[in-house]
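Inside the fold
The chain contents come next:
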Amino acid sequence: MLDFFTIFSKGGIVLWCFQGAGVTESFTGPVNALIRSVILQERSGNNSFTHEALSLKYKLDNEFELIFVVGFQKILTLTYVDKFIDDVQLHFRDRYKNELEQKGALKLLSNNFEFEDVFNMLLREAEESSKARSPAHMRPFKESKKSQKTVKSMIETKGGDKDKEQGGKKNKNTKKEAPAAEPVKVDQVKASSASQKMVQNGNQGLTPEELHKNREEFFRKRTAGPTEKPSKSPKPQKPREKQRRVWDMGGSSTKNLDYSERNGDGSPNGGDQNQEAQLDPGMQPSSMKGDLLSVDYESSEEDEEEVKEEEERVIVSETSKTSSKKGGGFGGMFGMLKGLVGSKSLTREDMESVLEKMRDHLIAKNVAAEIASQLCDSVAKKLEGKVMGTFTTVASTVKQALQDSLVQILQPKRRVDILRDVMEAQSQRRPFVITFCGVNGVGKSTNLAKISFWLIENGFTVLIAACDTFRAGAVEQLRTHQRRLNSLHPPEQHGGRPVVQLYEKGYGKDAAGIAMEAIAYARNQAFDVVLVDTAGRMQDNAPLMTALAKLIAVNMPDLVLFVGEALVGNEAVDQLVKFNQALADHSMSDKPRLIDGIVLTKFDTIDDKVGAAISMTYITGQPIVFVGTGQTYNDLRSLNARAVVSALMKA
């Protein structure tokens, strides 16, 4: 049933392995994928992993730094695997405890771990127990307890409760009698009210003169009533007309808003492109040659030390309280020392309160709730069974482990070096194509212009493909950016050729076709980079997601960047999961093209609530390539993982 079972250390030394009968394929591929995608990326919150047709389950032993991995076919539902891997871990630890306590890789290599007999015994017991737990067959009626009862015994059991039944009957009778009296009262009330109405409204005891007099009085009151009401009510006033609001700096005429003749010749691009940069001092950005600067945070060491001391005081007080409840005055002192000194291995109960606070802290810093829970579970599995150092608290140990995990998550599995990739594409005489996608209003076009400026500063020519054929003003926005970038880098400085050009076909056209034509045009005109701007779309809009998947599948860009804003919380998970799912579902190849990197925008608006970076990187496993920190062309940075984590952990 099992394909393989392997036990290896976190240093990569295989201590023992088992391969099932008839299994010819090596298990190194699935195990390496597990190490690369889960263990090294701090994603061990869930103890299962799927690789192609295999399902892998693993368990970490943090005391001896071991990893137990079992693999079986994905189509099988083996219910005994979880208990089986726990039993194997316990038996292996107990049998080779002395050998495992010896530190050093050479000593592990020199030892011989003969574990096959115990493993086969445990596997046999696990399979038999799973068979024994199979659903039992239904018993016939003769074997049931009900068939053994006689009619006499059933009568006797009923006879024993006669008093109760009689009492119940009495109660029922009393309840029935009570509502029986109600209709009499109702009838009496109805009769009395009817008689009163007859006296009031009837003609009994009245002479014809009195009847005539009463009728005249009645009609006089009816006719006089409406005439008196208008005199009492106020006269209706005319509704007030809405006053026009006059803004302080709005001006008195609309002629001040007409900029059509400001450029001299009335052309949309202006008479002199350099004039715009000269008039606006903010349009003279500094140089951005080479790699981008990294995002940095100034975190004071004194604040961190105060937070650390406060956490230690909280943990020590909690441990002293719990221990004093257990064992008197000496228990409080010894409990405090026990909370400080590394005297035992960590358990899940020891870390529960600290992990709960850490989870709330991460959510407050804008990390998605689901991601925060998975991170805390991963840290708990990483620390469970680990012996604490001398004079260290549970809070400091958990915080350090969480900090290391966050840094590991933000550091990418692969580094995206766009400048190097563009030079490689230049050597192949083809343009390097980058596609930008994301939801509405996150800043795709603005950050595309920033990246264009950065590429121009490094000596590359850029072609912008206007594939947002849906939003009004999208093409005009890119044309404005093109004009400003060309004014900052005049064609006269580059041999008379504009460094930035815009390829557009207007609105309402097929975006995939425009991108294909733009890439062909860039290849013919020897452009270095093509930046494809797509329309913003919500992740639930199926037709637009299909169109995006078609654009990427047809043109196969070198880099697909998801543009997301740093203000999102739980929405980041939904956006990235559904974007990736749409690209996978509508792809025409076996290995679909998914998101390759992330552009995190509006990073200057969130202070230290940087949790969106963690959520996006954790979901996709892809790096954050660019960080937008403002509205000018210079406000583009690369991500500094340690600075972001320090801001995230700051209280």
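Our subject is the structure listed above.
Residues numbered from 1 in each chain as written. Predicted model: local features only at pLDDT ≥ 70, side-chain atom pairs only at ≥ 80, totals over all residues. Heavy atoms only, no water.

A general trend in soluble globular proteins is that nonpolar side chains are found buried together. Formed by 117 residues in total, the largest nonpolar core has its most connected members in I418, W454, L455 and F626. Element by element, the count of residues in this core is highest for helix α13 (residues 394-410), at nine residues. If we ignore the near neighbours within four places in the chain, the residues touching I418 are F432, I434, W454, L455, L559, V625 and F626. Within the second largest apolar cluster, 29 residues are counted, among which are F72, F84, I85 and L100. (Core = buried A, V, L, I, M, F, W, Y, C linked by side-chain atoms within 4.5 Å. Buried < 20%, exposed > 50% of the residue type's maximum accessible area, 1.4 Å probe, protein only. Helix = DSSP H or I, 4+ residues; strand = E, 2+ residues; numbered from the N terminus. Contact = heavy atoms within 4.5 Å.)

With that settled, the discussion passes to the packing of aromatic side chains. For the structure on display, the rule yields 18 aromatic pairs. Ring centres 6.1 Å apart and planes at 85 degrees place the aromatic pair F68 and F92 in the edge-to-face group. In this pair, F68 sits in strand β5 (residues 66-73) while F92 sits in helix α2 (residues 81-95), placing the two residues 24 residues apart along the sequence. Comparing F68 with F92 shows no difference in burial state: the two are buried. Put simply, the rings of F5, W16, F18, F68, F84, F92, Y96, F113, F115 and F119 touch in pairs and so form one group of aromatic residues. Stacked on the ring of F527, the Lys or Arg R497 has its end atom at 4.5 Å from the ring centre. (Phe/Tyr/Trp six-rings, centres within 6.5 Å; stacked < 30°, edge-to-face > 60°. Lys NZ or Arg CZ within 6 Å of the ring centre and 35° of its normal.)

Between its first and last C-alpha atoms helix α12 (residues 369-383) spans 21 Å; for 15 residues at 1.5 Å apiece the expected length is 21 Å, and the two agree. Looking only at α12, the buried set comprises I371, A372, L375, C376, S378, V379, A380 and L383. If you follow the buried residues of α12, they end up packed against α11 (348-364), α13, α19 (571-585) and α20 (611-620). Downstream of α12 by a residue or two, G385 has a phi angle that is positive, lying close to 90 degrees. (Expected span 1.5 Å × (residues − 1).)

Residue placement: S615 occurs in helix α20. At a separation of 3.0 Å, a polar atom in the side chain of S615 contacts the main-chain amide nitrogen of A368. In contact with S615, not counting residues within four places along its chain, are N366, V367, A368, I371 and A572. (Polar contact = N/O pair within 3.5 Å; in protein donor to acceptor, adjacent residues only side chain to side chain.)

Here the focus is helix α1 (residues 28-39). P30, V31, A33, L34 and V38 are the residues of α1 that are buried. Here the buried residues of α1 occupy an arc of 160 degrees about the axis, which is enough to place them on one side. Contact partners of the buried residues in α1: β1 (2-9), β3 (48-51), β4 (54-61) and β5. (Arc of directions from axis to C-beta.)

On to the sheet that holds strand β10 (residues 559-565), then. Across the sheet, eight strands lie side by side as β8-β7-β9-β6-β10-β11-β12-β13; this open sheet has mixed pairing. Two strands lie at the open edges of the sheet, namely β8 (500-503) and β13 (636-637), each paired on one side alone. Each of β6 (432-437), β9 (529-534), β10 and β12 (624-628) is contacted by helix α14 (residues 418-427), which is oriented at about 135 degrees to β6, the strand it contacts most. Sheet strands touched by α20: β10, β11 (597-601) and β12. Its angle to β11, the strand with the most contacts, is close to 165 degrees. (Pairing = 2+ DSSP bridges. Axes fitted to C-alpha atoms, helices over the stretch in contact; angles between N-to-C directions.)

The next thing to look at is the environment of A612. With respect to the element layout, A612 can be found in helix α20. Sequence spacing of A612 and N570 is 42 residues, and the spatial spacing of their C-alpha atoms is 8.6 Å. Setting aside residues up to four positions removed in sequence, A612 forms contacts with N366, E565, A566 and V568.

For T601, the position within the fold is in strand β11. Of the polar contacts made by the side chain of T601, one reaches the backbone oxygen of V442; its length is 2.8 Å. Dropping the residues within four chain positions of it, T601 is found in contact with V442, G443, N447, V563, G564, E565, A566 and G628.

Honestly, that's just the spatial picture; any functional story needs more than this.
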